[in-house]
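Examination of the molecular architecture
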Amino acid sequence: MEWLVIIVTVVVLWVSSFFKLLHESLSASQVAVLTDGGVFCKRNVLLVIAHPDDESMFFTPTINYLSSRGCNLHILCMSTGNADGMGNVRKEELYLASVMLKVPQKQVKILDHPDLQDGFGKTWNSKLLSKIIKEEIANCDIDLVITFDNYGVSGHCNHCDVHQGVRELLQDTSHRAVEAWELVSSSLVSLPLVSTNILRKYSGPVDIWLSILSAKFHLRGVVHCLLNEHPRRSLAAMAQHKSQWVWFRKLFVCFSSYTYVNCLKKIN
Ligand SMILES: [Zn+2]
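All of the points below concern the structure found in this document.

Rules of the game
- Residues numbered from 1 in each chain as written.
- Predicted model: local features only at pLDDT ≥ 70, side-chain atom pairs only at ≥ 80, totals over all residues.
- Helix = DSSP H or I, 4+ residues; strand = E, 2+ residues; numbered from the N terminus.
- Buried ≥ 20, exposed ≤ 12 C-beta atoms within 10 Å, placed from the backbone.
- Expected span 1.5 Å × (residues − 1).
- Arc of directions from axis to C-beta.
- Contact = placed C-beta atoms within 7 Å.
- Axes fitted to C-alpha atoms, helices over the stretch in contact; angles between N-to-C directions.
- Parallel < 35°, antiparallel > 145°, perpendicular 65-115°, else oblique.
- Left-handed = near helix turned anticlockwise from the far one by under 90°.
- Nonpolar A, V, L, I, M, F, W, Y, C, P; charged D, E, K, R; others polar.
- Pairing = 2+ DSSP bridges.

This brings us to the environment of L96. Within the secondary structure, L96 sits in helix α4 (residues 87-100). Its 16 C-beta neighbours within 10 Å are what place L96 among the partly exposed residues. Spatially, the C-alpha atom of L96 lies 9.6 Å from that of A239, the residues being 143 residues apart in sequence.

In this section: α4. Between its terminal C-alpha atoms α4 stretches 20 Å, which fits the 20 Å expected from 14 residues at 1.5 Å a residue. Within α4, the full set of buried residues consists of R90, E93, L94, A97, S98 and M100. Projected onto a plane normal to the axis of α4, the buried residues spread over an arc of 145° and lie on a single side. Here the buried face of α4 lies against α2 (54-58), β2 (72-77), β3 (108-110) and α10 (231-239). Immediately downstream of α4, the backbone of K102 shows phi near 65°, a positive value.

The interhelical angle for the contact between helix α5 (residues 126-140) and helix α7 (residues 157-171), taken along N-to-C directions, is 65°, at an axis separation of 8 Å. Taken together, the axes of α5 and α7 lie roughly perpendicular to each other. For the pair α5 and α7, the crossing hand works out as right-handed. Across the interface between the two elements, S126, K127, L129, S130, I133 and K134 from α5 touch D161, V162, Q164, G165, V166, E168 and L169 from α7. Looking at the contact of α5 with α7, its residues break down into five nonpolar, four polar and four charged.

Another point: the pairing of strand β7 (residues 261-266). Of the strand pairs in this sheet, strand β5 (residues 179-183) and β7 are connected by three bridges, and their pairing is antiparallel. The residue bridging L183 from the neighbouring strand is L264, located in β7. Here five bridges tie strand β6 (residues 223-227) to β7, and the two strands are oriented antiparallel to one another. The residue of β7 that forms the bridge with H224 is L264.

Along β6, five of the five residues are buried, which leaves the element largely enclosed by surrounding structure. Of the two faces of β6, the one lined by V223, C225 and L227 and the one lined by H224 and L226 are each fully buried.

With mixed pairing, seven strands are arranged side by side in an open sheet as β3-β2-β1-β4-β5-β7-β6. Strands with a single pairing partner mark the edges of an open sheet, and in this sheet they are β3 and β6. The sheet shows a mean angle of 25° between the axes of neighbouring strands, direction not considered. Running over the sheet, α7 touches β1 (44-49), β4 (144-148) and β5 and is turned about 150° from β4.

For the rest of this paragraph, the subject is unusual backbone geometry. Even without a glycine there, the phi angle at D141 is positive, about 55°. Looking at the secondary structure, you find D141 in the loop between α5 and β4. The backbone phi angle of V153 is positive, close to 65°, even though this residue is not glycine. When you line up the elements, V153 lands in helix α6 (residues 152-155). A count of 27 C-beta atoms within 10 Å places V153 in the buried class.

Encoded structure:
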């Protein structure tokens, strides 16, 4: 009997969460932002990622929000993701995913720097990363940077290093006009009574309710939560990464809260 109650509750939560997302996508207005999202209406935005597929696995609510509001989104990918010798394939997959996400291919830059190679245990120098990001900001007239948080969202060391590279950039006083925002790990936007963060990370669309509560009551004005207006577009984008599109990633994309909501926090 208890199991039945749990199953019914989970089904009701999933269905109501999907209806919430559907409502937001149909209304196609500012309501997809749970708090004041005006800050993200700047013209030229740079998403800095570490590997091809990071954009589709973690950032699609943000990308969909920005592209549907006419922002000029650029993606800077710091490596080809060559840990398994598939760098050239993965590079092309990112271009294909960017088409799904309505990001012009000419605004996607993928580096293959000898000192920024994909892999656990490979440290990426924050000064080098900062220098590269700085050049991209100057070339594309960027006024807003979005990247991983300190934990690297998934905990991957390359993601953490990219975050440190953006922090290094912000130390430079000549870049005070550039704002930088980080994607907050689900496990870090916690409600006081919610300790089962791993459950939350894989709660799929259900996490939108906790994100609403976190943004409204605990981190007001600090965190902006963006609902994904086009979850199917996210799945289509991830499916372009054919070399990575194995069963456990399919499950990840369906159950990950990052497919349905992104909470962004300003980096000071
Ligand atoms: Zn990655």
